[in-house]
Structures are given as structure tokens and as C-alpha cells.
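What follows is the residue order along each chain.
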Amino acid sequence: QSTWGHITIQMLARTRFATGAAVLASAASRASFSATAATCAAAKFAGPLPELAKGTIAEGKPYDPSFALFFTWPGSTRRVSPWHDFSVVPSGAGAGVYHYVNEISRGTSGKMEVNTRTPHNPIKQDVKKGELRFTKYRDGVLPFNYGMVPQTWEDPSVLTGGFKGDNDPVDVVELSPAPLPMGAVLRVRVLGVLGLVDQGECDWKLIALAEETAAQTGVRSLADLQPGLLEDVRTWYRMYKTAEGKGENQFLFGGEFRDAAFAANVIAETHEAWRRLWEGKAKHDALWTGNQGQ
């Protein structure tokens, strides 16, 4: 199996719907939180610390409510939003290839996500009932990279199978065999999608592989993946909340994975929902779009 040594970030022009020429920058960042690893001793979980992608600026301490990872324009400290300022489709991309923002590195435990309410939408650790969230299922670390597709939104006013959208960008399970840095922005090939029902909400999980890795390994569809891998993903999502004393999760379509064509429709529909949000045409509960003056 091939591993990732370098990751390419494609930072798009500020124009919100742009998919034109982009600024390319290496994201083979070897920076880490090692200098602040001691701060984890006071945290409830003292686990591996993710690398940070080039082009990001960390504020605060890891595994602490103060932590925030901001995205910047190449060569400057100007902050941009990973949700709104990166296009859904990269410039020159073929069918099935999309932009991806890595929020959680494989093998780490902190539940990190693009914060939809904070200005510029930095990656922050999720908090529930006043407590920082960590993965607790199995060995307490995530077995895959995890992130989102920019310029998508699961609109709560839209029902799928009777379930409302979860009010977030569309999630991605990225299956590269090595961890990707937190904040890495890269091109992925979307292979399919799993329809998770989480606390009464539709929560799509796109199944994807970094474009370079997919090309090197010849993976172009779900059928090309290692046998048993999809079942492992489905089992993880069905069972992971049982470690928190909750019941098993449910799925749309009886837990069947849908193919790349179906996934493309999910992305197209949620991109249109995002467009309505950004243009001020959709109701929302204090999400940050940068267009608050509309």
C-alpha cells in the first residue's frame, strides 16, 4: 500500500463560486504539537497529537477549549474559511473528484470539526455538555481520516427518508492508509456514500480516497476497495456511540452503501443548499458565512 508523503493544497480565489486558477502550495508539513504535548497530561485523554498542515495557524493548546486552527491565504496571514472559501470542485478536476478538508487525522482521538459558528470557521474540538469530545469506541482512536467537503450544507429544513439534515457540511470518511495532517486541503475521489441516521438526523458519510492514492492503487469505485473495509466502516458507525452508553445507530437504505453517482447527487444537492445559505436565502441558527450583513 502506498502512503502519503506530500499533500497538495489548492486554495481557491476569494470569489465564492470560483473553480478557476488556484494557488498551489506544498502541505507536507512536519510541524506538530510536540512542543505542547505536556499540556495533554492535564486532559482526560493523553493520546497522539496530529500534525498540522502548512497554511494553518494554531491558537490555544491541543485538547483544550482554547484550541482553534485557522486557515490562511498562501504567503499571508489573512484568514479564510475552509467552509466557504474553497470550492466544492477543484479546478480542472475530472468527474468524481472534489475538494476535501481534513479535520481529524487517522489514529488520533479528539473530535475536531470545522466550527460553523465561529468567524472564519476554524477547526475546533467539539464540546458537548461542557466537556471536550473524544473518540471512545474500541481503542479510542479514529481508524480513518475524517473531514468535510467545502461549500456543502445539510439543510435541516430538507427531509431525507423523513430525517432532517444535520446542519453541517457533508462529512467524508477518507481511507488513505496513513494519517493526513489536520487542516490539509486536497483532492479526493468520492467512491460512494453511507446514509447514517444520527439522533434523528440524516448525516451523510461520503467514502473517499485521496486522488493521488486512488490513481496509484487503481481504486475508482467501492468495488475496488479491500474486502471487508466497507463492513468495518459500517460497523464502526453503527456501534461507536455504544461506548458512550447509547444505543446503536441506524442507517438509510438498510445500511447499504450507495455508489459514486448517488454520492455525486448528494454533493450537488447539498452544494445548492449551501448556496442558498451563503446568499442569505435559507433560515439558519447563527451559522457564520461572512455575509452576516445581508
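A brief look at the structure comes next. If you're wondering where the values come from, they're calculated on a predicted model, not measured in any experiment.

What counts and how
Every chain is numbered independently, its residues counted from 1 as its sequence is written. Two thresholds apply to this predicted model, a pLDDT of at least 70 for residue-level local features and 80 or more for giving and counting side-chain atom pairs, whereas whole-chain, interface and lining totals are computed over all residues. Only hydrogens and water are removed before side-chain values are computed, so all heavy atoms of the structure are retained for them. Think of it in three bands: residues with accessible area under 20% of the maximum for their type are buried, residues over 50% are exposed, and the middle band is partly exposed, with areas taken using a 1.4 Å probe on protein chains only. Here a helix means four or more residues in a row that DSSP labels H or I, a strand means two or more in a row labelled E, and each is numbered from the N terminus. Note on pairing: DSSP must find at least two bridges between two strands before they are called paired. Only centres within 6.5 Å qualify two rings of Phe, Tyr or Trp (six-membered ring in Trp) as a pair; their planes then separate them into stacked at under 30 degrees, edge-to-face at over 60, and tilted for everything else. Two conditions define a charge sitting above a ring: the NZ of Lys or the CZ of Arg must be within 6 Å of the ring centre, and it must be within 35 degrees of the ring normal. Definition of a polar contact: a pair of N or O atoms within 3.5 Å, with one able to donate and the other able to accept a hydrogen when the atoms are protein atoms, and with sequence-neighbouring residues admitted only if both atoms are side-chain atoms. Any pair of residues with heavy atoms lying within 4.5 Å of one another is described as a contacting pair. To define a nonpolar core, start from buried Ala, Val, Leu, Ile, Met, Phe, Trp, Tyr and Cys residues and group those joined through side-chain atoms within 4.5 Å. One side-chain nitrogen of Lys or Arg within 4 Å of one carboxyl oxygen of Asp or Glu is enough to make a salt bridge.

1. Considering the pairing of strand 4 (residues 68-72)
Counted residue by residue, strand 4 has five buried out of five residues, so it is predominantly covered. Neither face of strand 4 is left uncovered, since the one carrying A68, F70 and T72 and the one carrying L69 and F71 both have all their residues buried. Linkage of strand 4 to strand 5 (residues 79-80), two consecutive antiparallel strands, is achieved through a turn of six residues, within which G75 is found at a positive phi near 80°.

2. Observations regarding the packing of aromatic side chains
Considering all chains together, one arrives at twelve aromatic pairs under this definition. Taking the centre distance of 5.5 Å and the plane angle of 70° together, the rings of F144 and W236 count as edge-to-face. With F144 in the loop between strand 10 (131-132) and strand 11 (145-148) and W236 in helix 2 (residues 229-239), this residue pair connects regions lying 92 residues apart in the sequence. A relative accessible area of 4% means that F144 is categorised as buried. Its relative accessible area of 5% is what places W236 among the buried residues. Between W204 and F253, the ring centres sit 6.4 Å apart and the planes meet at 25°, which makes this aromatic pair stacked. Of the two residues, W204 is situated in strand 16 (residues 201-210) and F253 in the loop between strand 17 (250-251) and strand 18 (258-259); the sequence distance between them amounts to 49 residues. Residue classification places F253 among the partly exposed residues on the basis of a relative accessible area of 35%. An aromatic cluster is built from Y137, F144, W236, Y237 and Y240, whose rings are joined through pairwise contacts. Positioned above the aromatic ring of W73, the side-chain terminus of R78 is 5.6 Å from the ring centre. Its end group placed over the ring of F253, R258 keeps NZ or CZ at 4.2 Å from the ring centre.

3. Brief notes about the side chain of T56
Its place among the elements puts T56 in strand 3 (residues 56-59). A distance of 2.5 Å separates a polar atom in the side chain of T56 from the backbone oxygen of A53. Setting aside residues up to four positions removed in sequence, T56 forms contacts with L69, F70, F71, T72 and G183.

4. Considering the nonpolar core
It is characteristic of soluble globular proteins that their nonpolar side chains tend to be buried jointly. Judged by nonpolar contacts, the single largest core of 47 residues is most densely connected at W83, F144, W153, L175, I207, L225 and Y237. Broken down by secondary-structure element, the contributors of at least two residues to this core are strand 4, strand 6 (97-104), strand 7 (112-114), strand 11, strand 15 (185-198), strand 16, helix 2 and helix 3 (260-278). Look past the residues within four positions of L175 in its chain and what remains in contact with it is F144, I207, A208, L209, L225, L229 and V233. Membership of the second largest hydrophobic core comes to 23 residues, among which are V197, C202, A208 and A210.

5. Let's talk about the environment of L222
Tracing the sequence through the fold places L222 in the loop between helix 1 (211-217) and helix 2. When its relative accessible area of 15% is taken as the criterion, L222 is described as buried. Through-space distance from the C-alpha of L222 to that of G192 is 6.5 Å; in sequence the pair is 30 residues apart. The contacts of L222, once residues within four sequence positions are left out, are L191, G192, I207, L230, F257, R258 and D259.

6. Some thoughts on the pattern of salt bridges
Using the criterion set out here, one finds 15 salt bridges in the structure. Of the charged contacts in the structure, one is a salt bridge between E272 and R275, with a shortest N-O distance of 3.7 Å. Taken as a pair, E272 and R275 lie in helix 3 at a separation of three residues, close to a single helical turn. What you see here is one network of salt bridges that share partners, running through D171, D203 and K205.

7. Brief notes about helix 2
Three or more residues of helix 2 are buried, namely L230, V233, T235, W236 and Y237. Here the buried face of helix 2 lies against strand 11, strand 14 (171-174), strand 15, strand 16 and strand 17.

8. Quick look at the side chain of T108
Position of T108 relative to the elements: it lies in the loop between strand 6 and strand 7. You can call T108 buried: its relative accessible area is 6%. Of the polar contacts made by the side chain of T108, one reaches the backbone oxygen of S105; its length is 2.6 Å. Beyond its immediate chain neighbours, meaning those up to four positions away, T108 contacts P48, L49, P50, Y63, V141 and L142.

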